[in-house]
Amino acid sequence: GEERGLTQAKETIGGRRMEVKLKDLVPAATNTVNTTFIVVDKAPRPAHANAHGREETCPSLVADETAAVHFLLWGTECDAFESGDIVRLTSGIFSYHRGNNLFLRAGKRGRMEKVGEFTMMFVETPNMSEVRWGPDPGDPRKMVQEAVVSPYSQVFKPLH
């Protein structure tokens, strides 16, 4: 009851969650991304999963009606979400993982929840993970798009 109401109140402004469309994602080191997307494709699990005792990750392609992005599923999330699932992400993070790879992910503080299946319009381009970002000349703490590396995912082949 009461505790849940409190956490919900923090995430809503004027009674509704402030959601961002995928095309408006900007890399940042903060868990502030609230969004809803459909899982378009998911990489198969690595055969050597957990050989090094590290929590395994499963890259996936997710999208909404404005853009697509690479999403990194961690650990149990790898089994919990499948292609066609509509997922609501709360307090997610869009940042670099292992070098140059830009992923949206739930992170330690984020939360993912399946809210439906299949019935969502989506596009596969632009892909926000295939954009080269650089510091904003006006404010070096912010990132701006410098160039489109590829209009579509270079990891997942387009469906159409």
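The structure displayed is predicted, hence computed values, not measured ones. (Residues numbered from 1 in each chain as written. Predicted model: local features only at pLDDT ≥ 70, side-chain atom pairs only at ≥ 80, totals over all residues. Heavy atoms only, no water.)

**Q** What am I meant to see in unusual backbone geometry here?
**A** The general pattern is negative phi for most residues beyond glycine and trans for most peptide bonds. Between Thr-125 and Pro-126 the backbone carries a cis peptide bond, its omega angle lying at 0 degrees. Among the secondary structure elements, Pro-126 is positioned in the loop between β8 (111-117) and β9 (131-136). Despite not being glycine, Ser-91 shows a phi value in the positive range, around 55 degrees. For Ser-91, the location among the structural elements is in strand β6 (residues 85-97). One non-glycine residue, Phe-118, adopts positive backbone phi at about 65 degrees. With a relative accessible area of 58%, Phe-118 lands in the exposed category. (Helix = DSSP H or I, 4+ residues; strand = E, 2+ residues; numbered from the N terminus. Buried < 20%, exposed > 50% of the residue type's maximum accessible area, 1.4 Å probe, protein only.)

**Q** Before we go on, may I ask you to explain the nonpolar core in this structure?
**A** With 23 residues, the main nonpolar core has Phe-37, Val-69, Phe-71, Leu-89, Phe-94, Leu-104 and Met-112 as its most contacted residues. Not counting chain neighbours up to four residues away, the residues in contact with Phe-37 comprise Leu-22, Val-62, Ala-63, Phe-71, Asp-85, Ile-86, Val-87, Leu-89, Leu-104 and Met-120. With nine residues, the next largest nonpolar core counts Ile-38, Leu-61, Ala-68 and Ile-86 among its residues. (Core = buried A, V, L, I, M, F, W, Y, C linked by side-chain atoms within 4.5 Å. Contact = heavy atoms within 4.5 Å.)

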